Amino acid sequence: MAEWRLPENHASKLRDFCLNGHFNRMAEQNDNDGPKASAEAIQFLTSISAEELQLSLFADSLVTVSDTGRELGEFTITIQQGYYHDEECFLIHANSHGSIDDIPCGTSITAYVSKKLETLEQHHHEYVKLKDHPLDRKSYMVKQDDQLVVNKIITEGEKVMRHVFTFPWNSMEGFVSEASNLLILRVLAKRQTVAKDMLFLAFDPETHLCSSSYRELGTRNQMIGNNMVEVFGIERTINSEQDISSTWHCFFLSDGHLASRVQVGSPVTMKLLVLPSLIQKDEENDKPAFEKKPLVWEEDVQLYSRFLDRKEELKASHAVYLRHHPELKALMADFLQFLLLRKPADIFIFAADYFAPFSSQKYPELSDKSPRIASTVTENAQEL
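Residues numbered from 1 in each chain as written. Predicted model: local features only at pLDDT ≥ 70, side-chain atom pairs only at ≥ 80, totals over all residues. Heavy atoms only, no water.

This paragraph deals with the overall build of the protein chain. When helices and strands are counted, the protein chain shows nine helices and 14 strands. Taking contacts inside the protein chain between residues at least 6 apart in sequence as the whole, the part at least 24 apart equals 51%. Accessible area for the protein chain stands at about 22700 Å²; split by element, carbon and sulfur atoms hold 51% of it. (Helix = DSSP H or I, 4+ residues; strand = E, 2+ residues; numbered from the N terminus. Contact = heavy atoms within 4.5 Å. Areas by Shrake-Rupley, 256 points an atom, 1.4 Å probe, with all protein chains shown as cover.)

Next up, the structure:
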């Protein structure tokens, strides 16, 4: 099958819109004795804590600009909690789309990645809508039992090509997909350091297993909006043995937010225009623990003194009120005398019946619905 390539003036610009680089023809993967991940890479993957992963769950939104500063499109990344067949995992979505030289193009990735950063399933779609010769490339990767299966469909104009690749799962230790790479970059950015000799496994554009590596680029200053901030750089390289190696330079804020991304050799750069709120680790305040003791206020001199003062204050207030309302004593004396004469079983209903005539409001329900109350009130009035 002849290889399809874009014209040279379009190829370099379109390349960075595709997270895997540029478009190439497919080749069968028959070599099971391929490259292996280094011990340093395996150790790094096992060293990532659940807290580090939890702090990596946020969204990035950048714009794609040309070397002349013209905005060409946008690039977004979202990492959040998800479930895959009842298994807790991370749902990763990346999307890049725009138009270069009036040619629509873009790529999108949706994947489920386990807590061990193993790719359980990944959908990858790339397209370039060239007039008279559109190109569409879809890839579906899924873990099936003890294998990793990759299905690819490439459409060039009216021509459709299908390829299936299978890899033993036990040979994929240390494999980093395009989706899990986005999560790893955030962890490295927050650590602000990249260990040496870390060689991972990855796929090249033709789905051959090859090695991939990360390298620290140090720090530099970048203008984001009206703020000059320090960013930390990481280089990622896919070392293809069948094709040209691909390298990306990414710079991050201290909390892992992506500040810029560029594929080496491409005039297209993805930049952060608005400074986001930095994500910080919640610091647990070590509060001193005090033993809870029972409160005996009578033994507390200050509380007991306040009690006595309040008691005298209330007694004085009550005495003043009684002097201003002498009818209260007569009213209560009459009520108690009548209560002791009748000795009712329900004192609350008896009191309500007794004091009803003294109310300044009219209660029709007392006469209409409670004849017993009305008769009792009449008796009370006669005896009084």
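Read on, since the account is not over.
All buried positions along helix 7 (residues 347-355) are accounted for by Phe350, Ala351, Asp353 and Tyr354. All buried residues of helix 7 lie within an arc of 160° about the axis, which places them on one face of the element. You can read the cap of helix 7 off the contacts: a side-chain oxygen lies 3.1 Å from the backbone nitrogen of Phe348, and it is on Asp346. (Buried < 20%, exposed > 50% of the residue type's maximum accessible area, 1.4 Å probe, protein only. Arc of directions from axis to C-beta. Polar contact = N/O pair within 3.5 Å; in protein donor to acceptor, adjacent residues only side chain to side chain.)

For the coordinates displayed, the defined rule picks out seven salt bridges. Between Arg191 and Glu52 there is a salt bridge, with the nearest N and O atoms lying 2.7 Å from each other. Linking Arg191 in helix 4 (residues 178-191) with Glu52 in helix 3 (residues 50-54), this pair joins segments that are 139 residues apart in sequence. Since its relative accessible area comes to 29%, Arg191 is described here as partly exposed. On the basis of relative accessibility, which here comes to 19%, the residue Glu52 falls in the buried class. (Salt bridge = Lys/Arg side-chain N within 4 Å of Asp/Glu carboxyl O.)

Before going further, it helps to examine the packing of helix 2 (residues 39-47) against helix 4. Contact pair helix 2 / helix 4: the axes reach a minimum separation of 12 Å and the direction vectors enclose 85°. Taken together, the axes of helix 2 and helix 4 lie roughly perpendicular to each other. When helix 2 is examined against helix 4, the residues Phe44, Leu45 and Ser47 are found in contact with a partner set consisting of Ile184, Val187, Leu188 and Arg191. Of the residues in the contact of helix 2 with helix 4, the class split is five nonpolar, one polar and one charged. (Axes fitted to C-alpha atoms, helices over the stretch in contact; angles between N-to-C directions. Parallel < 35°, antiparallel > 145°, perpendicular 65-115°, else oblique. Nonpolar A, V, L, I, M, F, W, Y, C, P; charged D, E, K, R; others polar.)

Before going further, it helps to examine the environment of Glu40. If you trace the backbone, Glu40 turns up in helix 2. Exposure remark for Glu40: the relative accessible area of 35% places this residue in the partly exposed category. Taking the C-alpha atoms as reference points, Glu40 and Gly174, separated by 134 residues in sequence, lie 9.9 Å from one another. Leave out the neighbours within four places in its chain, and Glu40 touches Lys196, Asp197 and Met198.

With that settled, consider the pairing of strand 9 (residues 199-203). Across the five residues that make up strand 9, a large majority, four, are buried. Hairpin connection, strand 9 to strand 10 (residues 209-224): the antiparallel pair is bridged by five residues, and Thr207 has positive phi, about 65°. (Pairing = 2+ DSSP bridges.)

Our next topic: the confidence of the model for the protein chain. Overall, the predicted model of the protein chain reaches an average pLDDT of 82, with 81% of residues at or above 70. Counting contacts from residues 1-31, a segment whose pLDDT is below 50, to residues more than four positions away or on other chains yields 103 contacts. Low pLDDT, under 50, characterises residues 362-384; the predicted model gives this stretch 16 contacts beyond four residues in sequence or across chains. (pLDDT = per-residue confidence, 0-100.)

Below, the discussion takes up the pairing of strand 11 (residues 227-239). Where strand 10 lies against strand 11, 13 bridges are found, and the strand directions are antiparallel. Bridging from a neighbouring strand, Gly218 pairs with Gly233 of strand 11. Turn length for the strand 10-strand 11 hairpin, with the two strands adjacent in sequence and antiparallel, is two residues, and the turn residue Gly225 shows positive phi of about 65°. Summarising the sheet, strand 11 and strand 12 (residues 246-252) pair through seven bridges and their orientation is antiparallel. What sits directly across from Gly233, in strand 12, is Phe251.

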